Amino acid sequence: MSLAQLHYTSAPPGPDGSGFRFTAVSSGVPATLLREAEQLIGYEPPHDGPDGPAEQLKGFPTALSFSELSDGGRLLSRSVYTGTDHGGRPGNFHAHALHLPSGARLPDGALPITAWESPRWAEATPPEGRPVPIERFEPSGLLRKEGLVVFARSRADRLAPFFADLRALVGRADARQLVVVERDSADVALWIALACTVLPREQAHALTFTTYTRRPRQARQQIIGALPSSEPVGDDHRFRVHDCTARADTEPVTDTWADLWARIWSAGRPDLFRDAPDDLGGLAATALTSDIALRSDARAAAARWTTDQAFALPEERLRELVERLCGDGVGRLDAYGRSADGATADTELVALADLLERLDGNVPTAVSAPLAARVLASGVSGRGPVPVLRAGSLTPQAQTELARDLAYDLRAGIADATEPAAGRPLALLRAADLLDVDCQDELPDFAGRLARGLVGVDETAGNARRAAADPAAPVCPPALLEAVHGHPALRIALFEALNTLAAADPPAATRRLAGSGLPVELPPAFPHLRMCVAGAGTSGDRLGRFHGLLRTAGVSPHAEPAVLRTAFRLVWPDGPPTGREASLLLNQLGSDTHRMAGTRDLLIGAALAAPADDPDVPPLATDLLRSFTGELRRAYQAPLHLLEFAGLLGTDREGEEWVSRALALRDGVPEPVPEPVMERVFEALARRLLTAPVPESELYALARSGDRGLLAAYEREAREERVGDRLRVVPSYVAACFCDWSAYPGTHPSWDATRTTLLSKVLRPVVRVLPPADRATVEEALARAGRGKLDAFHAWNRPGALGRLAGRLTGRGR
């Protein structure tokens, strides 16, 4: 296919005019194309261009341009300076251009940049104004491989930044244009040729460029060549400038592709762009086996590609790749985890670990063993991932060498308290076992950190605190379970530490360890740990769970009393046992066992905190006083005696002076008696004082005490339904209550307030509805009581008389 051609220069006057105009145009070229092309093929010589004879014209830059047209086509043009025009005026140039319609390419599919200095370009208008058809472009010798390699090596420190901007240029529609500043436009052409070699073929064909312009701001191409004397554009955000006449930028390039392309060109191996796959990993792998030193990120890409292709590669090819990946480039890291070339090596270490996981055990050991040694060494020394190796993953020689080289790092890593013990230190212990490195002396401290991590003790802030328990969180990693099963010394040290923590805080240990799968059934036994791993459960009888835990412990509480305390705290973690439960615990196990286990005070606490309606507490208090005679603190003795006394009221052992005894016991100790205890005692005492007949001395002691708590309990009990029921059916009880509640007026204001309330709120409603026969019985009982009780009753029971009687009874009006 013959492409339409255009020639443009300054021409003498003629039928088409004078000055700059198209002097030769292929037939069929529309005027609109000529107008657009005229804007693209112009040429301005540089300010500092040669000024001399015609032979110096070759010193002017050549503007080879490849531009996009509005119709979707392309214009490939070459503009050169020709000196003076027909009238002797300087500034003349000749432009020769080819129009490529949309989708068309140069003959033989040649890239536009290969037309640089081709002999097919004309520097003058063809005779008779007819362009000579061009069937092919012979490439210029300037763009041969050898020349490109020499040029690339001369610009080695600028290759990666250029390629990085090139990738951004072709990958984004809004990318900034690239301005390449060289002293020779031929060097710009070499930059464009380098760009086309690394891009996919379609992108290389579509890349627009110009090798020279005096005004880069007006250029429309993607890559713009300029001279140092051209218009500067460094302050324009639309451009990325690569000034090859100035000092190179030393900032590292993060683009892996760009750095890889730069290394391949610097190594003089552009053939790899043709022979290697066009994906990053495949190209990096090919470069690696071509003796090209790669950065860590490219090595990681090569390792990932090898992982994907491992079983499709010939064994020799796979062996070679593994050997190259295990060469220098990984493992020599500084304190920040960076390799010697400045790239972060973490991704490479992870990629090598993934490759090892794919190969180990699936290919001959001769192939994978170097990789196993490298990954293990890198993981230990470089703080990367530590692989899980089989016994046969390493050769005996490699195992010996690694044990010698890594012993210090292994021991230091296991002892590193800044790392979670179940993470990296555990992996290092596994590696030490594989290499037969002795770390026995590190086990106690390491096991202690493991144990604290398992039960949720956080010591990172300097103050040990209990971490919040998350039942859904995996508290025992599979790697730790495997180590516990396979490492007897670690298991013993860990279980000893866990056993200690379990004894110190059984509920917390149970929340974290119950159902963890720890092989606590293996000898020797650790009773506290065994109980916490088993868990107390939440269903069934609590005493049954308690004895089940003791059986789980595997030791008798008489032989090791401390297990009693652990079981106690597991079954009753949030509150004390009931009175019945505490009594059974005391009587079944004996006081000596509880004394040695330290659970005596827990039983006492159960008695003191029990609600007032627990009927088993007074007998428990009696048992506690009998079992621990002489060793109880006064703060415990008085409350227990009060609880015992509450149980005796209403029996033939109640004795005398109930009110005085209760108040004396309460007030005889410096510490306050627990509120549940006094609530129980006052309720029991109130019930007894409301059970007729009541000794007058006790009623007088009640009135004289004025104790708010006791009087409040007395009033509550008097208001109970059972008192009301008895008043309604037992007339003699009505008489007794009237006598009690009208007695001892003025003894104490609190007593006066209480008895007045009871007369009006409790007794009066009952008396008002008594049948006549019952009322007569009440009056007979009051008459027998003497001392004016009947007269007082008549006065109190008259309508409207209650207030007057109450005033007389309380002494008001005196």
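See the structure printed just above.
Remember, it's a predicted structure, so these values are computed and weren't measured experimentally.

S.K.: Mind showing me how you'd approach the packing of aromatic side chains here?
M.R.: The geometry of an aromatic ring pair is captured by two quantities: the separation of the ring centres and the angle between the planes. Within this structure, the stated rule accounts for 24 aromatic pairs. Ring geometry for F568 versus W572: centroids 5.1 Å apart, planes at 50°, classification tilted. Per residue, the accessibility class of F568 equals that of W572, and both read buried. Taken together through their ring pairs, the aromatic side chains of Y8, F20, F22, Y43, F60, Y81, F93 and Y212 make up a single cluster.

S.K.: Quick question: what am I supposed to make of the sheet that holds strand β1 (residues 4-11) here?
M.R.: Pairing within the open sheet is mixed, and its nine strands lie in the order β2-β1-β5-β4-β3-β7-β8-β6-β9. The open sheet has two free edges, formed respectively by β2 (19-25) and β9 (239-243), since each of these has just one partner strand. Note: strand β6 (residues 177-181) against β9, five bridges, orientation parallel. Along β9, the bridge assignment pairs V181 with D243. Along the sheet, helix α3 (residues 156-171) contacts β6, β8 (223-226) and β9; its crossing angle with β6, the most-contacted strand, is approximately 155°.

S.K.: Teacher, can you tell me more about the layout of surface pockets here?
M.R.: Remark: the empty space left among the atoms is shown by a probe the size of a water molecule rolled over them. The volume enclosed by the largest pocket comes to roughly 900 Å³. Taken together, 32 residues make up the lining of the largest pocket; nearest its centre are C196, T197, V198, L199 and F273. Every element with two or more residues in the lining of the largest pocket is listed here: α2 (145-154), α3, α4 (185-198), α5 (201-206), α6 (256-266) and α7 (271-275). With four residues, α4 is the largest single contributor of residues to the lining of the largest pocket. The residue makeup of the lining of the largest pocket, split by class, is 20 nonpolar, four polar and eight charged.

S.K.: Hey, could you run me through the packing of helix α30 (residues 708-718) against helix α33 (residues 749-768) in this one?
M.R.: A packed helix pair is summarised by two numbers, namely the angle formed by the two axes and the spacing between the axes. Put simply, α30 and α33 touch, their axes get as near as 10 Å, and they point 5° apart. It follows from the interaxial angle that α30 and α33 lie roughly parallel. In this structure, α30 uses L711, Y714, E715 and A718 to contact α33, whose residues at the interface are S750, W751, T754, T757, L758 and V762. Taken together, the residues that form the contact of α30 with α33 break down as six nonpolar, three polar and one charged.

S.K.: Got a minute to help me understand empty space enclosed by the protein in this structure?
M.R.: Here the structure, examined in full by the defined rule, presents one cavity of 30 Å³ or more. Estimated volume of the largest cavity: approximately 40 Å³. Looking at the largest cavity, the residues that line it are L689, L690, T691, A692, V694, Y714, Y733, C737, D740 and W741. A per-class count over the lining of the largest cavity returns eight nonpolar, one polar and one charged.

S.K.: Quick question: what am I supposed to make of helix α21 (residues 562-571) here?
M.R.: Spacing of three or four residues puts side chains on the same side of an α-helix, whose turn is 3.6 residues. Where burial is concerned, most of α21 is hidden: seven out of the ten residues are buried. Along α21, the residues that are buried comprise V563, L564, T566, A567, F568, L570 and V571.

S.K.: Could you clarify how one ought to interpret the pairing of β1 in this entry?
M.R.: Taken residue by residue, a regular strand's side chains alternate between the two faces of the sheet. Extensive coverage of β1 is indicated by the burial of eight of its eight residues. Where β1 meets strand β5 (residues 92-100), five bridges bridge the pair, whose relative direction is antiparallel. When the bridges of β5 are listed, Q5 appears paired with L98. By the bridge criterion, six bridges tie β1 to β2 in an arrangement that is antiparallel. Bridging across to β2, T9 finds its partner in R21.

S.K.: Any chance you could explain the nonpolar core here in plain terms?
M.R.: It is characteristic of soluble globular proteins that their nonpolar side chains tend to be buried jointly. Ranked by internal contacts, the top residues of the largest apolar core, which has 227 residues, are F163 and I223. With residues up to four places along the chain from it excluded, the contact list for I223 reads F162, L166, L169, L178, V180, I192, A195, L207, T208, F209 and T210.

S.K.: I'm lost on unusual backbone geometry in this one. Help?
M.R.: Backbone geometry follows two general trends: most residues other than glycine have a negative phi, and most peptide bonds adopt the trans configuration. Positive phi, close to 65°, is recorded for E128, a residue that is not glycine. Structurally, E128 is set in the loop between β5 and α2. The backbone phi angle of Y744 is positive, close to 55°, even though this residue is not glycine. Mapped onto the secondary structure, Y744 falls in the loop between α32 (731-741) and α33.

Reading the values: rules and limits
- Residues numbered from 1 in each chain as written.
- Predicted model: local features only at pLDDT ≥ 70, side-chain atom pairs only at ≥ 80, totals over all residues.
- Heavy atoms only, no water.
- Phe/Tyr/Trp six-rings, centres within 6.5 Å; stacked < 30°, edge-to-face > 60°.
- Buried < 20%, exposed > 50% of the residue type's maximum accessible area, 1.4 Å probe, protein only.
- Pairing = 2+ DSSP bridges.
- Helix = DSSP H or I, 4+ residues; strand = E, 2+ residues; numbered from the N terminus.
- Contact = heavy atoms within 4.5 Å.
- Axes fitted to C-alpha atoms, helices over the stretch in contact; angles between N-to-C directions.
- 1 Å grid on protein atoms, 1.4 Å probe; cavity = no way out; pocket = protein on both sides within 12 Å on 5 of 7 lines; lining within 4 Å.
- Points joined across faces, edges and corners; volume = space filled by probe spheres on them.
- Nonpolar A, V, L, I, M, F, W, Y, C, P; charged D, E, K, R; others polar.
- Parallel < 35°, antiparallel > 145°, perpendicular 65-115°, else oblique.
- Core = buried A, V, L, I, M, F, W, Y, C linked by side-chain atoms within 4.5 Å.

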